[in-house]
Amino acid sequence: AVKKEEYQVLEELGRGRFGTVFRCFHRTSNKFYAAKLIEKRRLLNEDRRCIEMEAKAMSFLSPHPNILQIMDAFEDADSCSIVLELCQPHTLLDRIAAQGPLTEPHAASLLKQLLEAVAHCHAQGLAHRDIKPENILFDEGNKLKLSDFGSAEWLGEGSSMSGVVGTPYYVAPEVIMGREYDEKVDVWSSGVILYAMLAGFPPFYGESAPEIFESVLRANLRFPSLIFSSVSAPAKDLLRKMISRDPSNRISAHQALRHPWILTGALTTA
Ligand code: ADP
Ligand code: MG
Ligand code: MG
């Protein structure tokens, strides 16, 4: 309980599935951080594992310039707290909602930073499994930070994961099918994010979660000309390679970083 008293909790920054994130002031260092507070009475047993995994995965992956830095984690009788590097209050979701489609160089710069984070996770043997715009933050210098590792899972040797995790618009078809899957699910989600950045809306949608899932399962990737006639061929090529229904044909995060659209910063159009 001593550690908790070192922090003064300030205004709310955001809310998720079990946690509320507050800006906080660390009295001993005179610095501001973000603190994710989770009340234990609202947790099921399996949620506890997620929170432990979240702190463990974040410390394992840090430091990386595009992964949110964890500063500390502690618990008392009533709550678990994770202290994080403080980011701007607006997530990538807010940016897309406010600005609509982003320019190609802007989208390429953001996707490159996201892929650097994802490739690092995969190289370290972890899949994030919940990549979506609400979980993509920006620090004071506007650097992209992948956050929310509460669904992260270790990649087993030769084994693969199962279980439906993620968010309807961003979840890969193999996850919905209930098959075993691997880290390529993160490439799918990152590809869906790229589409949403360029179009202002996600590629697969529906009125309800089951309808969205059906649309994801069909994986019929379309480029409506109203929006996409002005999008370059290399951008569409990368979208097709990332949003490929069959994970074995899907590009890896490492390969995507070497795609011409990323290497040129989207400044050449073909
Ligand atoms: P959950 O696992 O419950 O989804 P998140 O870690 O995604 O929780 O945090 C919920 C929301 O809180 C985020 O979508 C974001 O708006 C805000 N948030 C989280 N971490 C930070 C941070 N370090 N700095 C600023 N805002 C944050
Ligand atoms: Mg979240
Ligand atoms: Mg979470």
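Nothing here was measured: the structure is a model prediction, and the numbers come from that model.

### What about the packing of aromatic side chains?
As enumerated under the stated definition, the model contains ten aromatic pairs in all. For the ring pair F60 and W154, a centre distance of 5.1 Å and an interplane angle of 85° mean the geometry is edge-to-face. Taken together, the residues span a long stretch of sequence, with F60 in helix 2 (residues 45-61) and W154 in strand 9 (residues 153-154) at a distance of 94 residues. On the basis of relative accessible area, F60 is assigned to the partly exposed category, the value being 42%. The exposure class of W154 is partly exposed, given its relative accessible area of 32%. Measuring from ring centre to ring centre gives 6.3 Å for Y195 and F201, while their planes differ by 65°; the resulting arrangement is edge-to-face. For Y195, a relative accessible area of 2% gives the class buried. The structure contains a cluster of three or more aromatic residues connected by ring pairs, namely Y195, F201, Y205, F223 and F228.

### Focus on the coordination of the magnesium ion (ligand 2)
Within the protein, N135 (OD1) and D148 (OD) serve as the donor atoms for the magnesium ion (ligand 2), at 2.1 to 2.2 Å. Separation of the magnesium ion (ligand 2) from the magnesium ion (ligand 3) amounts to 4.4 Å, with D148 serving as a shared donor to the pair. Residue N135 is found in the loop between strand 6 (126-127) and strand 7 (136-138), and its partner D148 is found in the loop between strand 8 (144-146) and strand 9; the two are separated by 13 residues along the sequence.

### Describing unusual backbone geometry
The amide bond that connects S62 to the next residue, P63, takes the cis arrangement and shows omega of -5°. For P63, the location among the structural elements is in the loop between helix 2 and strand 4 (70-75). The phi dihedral of N142 is positive, around 70°, even though this residue is not glycine. Within the fold, N142 resides in the loop between strand 7 and strand 8. When its relative accessible area of 41% is taken as the criterion, N142 is described as partly exposed. Of note in the backbone geometry, D148 takes a positive phi value of approximately 60° without being a glycine.

### Thoughts on helix 6 (residues 184-199)
In this model helix 6 runs 23 Å from its N-terminal to its C-terminal C-alpha over 16 residues, within 8% of the 22 Å that 1.5 Å per residue would give. Directly after helix 6, the chain includes G200, whose backbone phi takes a positive value near 90°.

### Quick notes on the side chain of R129
Following the sequence through the fold, R129 ends up in the loop between strand 6 and strand 7. With no salt bridge to any partner, buried R129 finds its closest opposite charge in E153, at an N-O distance of 4.2 Å. A polar contact is formed between the side chain of R129 and the backbone oxygen of S151, at a distance of 2.8 Å. A distance of 2.9 Å separates a polar atom in the side chain of R129 from a polar atom in the side chain of Y181.

### Some thoughts on the nonpolar core
Counting residues in each nonpolar core, the largest one holds 79 residues, and the members touching the most others are L111, M197 and W261. With eleven residues, helix 6 is the largest single contributor of residues to this core. If we skip the residues at most four places from it in the chain, W261 touches E104, A107, A108, L111, L194, S232, P234, A235, L238 and A266. By size, the runner-up hydrophobic cluster in this structure holds six residues, among which are C24, A35, F74 and V83.

What counts and how
Residues numbered from 1 in each chain as written. Chains lettered and ligands numbered in written order. Predicted model: local features only at pLDDT ≥ 70, side-chain atom pairs only at ≥ 80, totals over all residues. Heavy atoms only, no water. Phe/Tyr/Trp six-rings, centres within 6.5 Å; stacked < 30°, edge-to-face > 60°. Helix = DSSP H or I, 4+ residues; strand = E, 2+ residues; numbered from the N terminus. Buried < 20%, exposed > 50% of the residue type's maximum accessible area, 1.4 Å probe, protein only. Donors = N, O, S within 2.8 Å, 3.2 Å for Na, K, Ca; no water. Expected span 1.5 Å × (residues − 1). Lys, Arg positive; Asp, Glu negative; His and termini not counted. Salt bridge = Lys/Arg side-chain N within 4 Å of Asp/Glu carboxyl O. Polar contact = N/O pair within 3.5 Å; in protein donor to acceptor, adjacent residues only side chain to side chain. Core = buried A, V, L, I, M, F, W, Y, C linked by side-chain atoms within 4.5 Å. Contact = heavy atoms within 4.5 Å.

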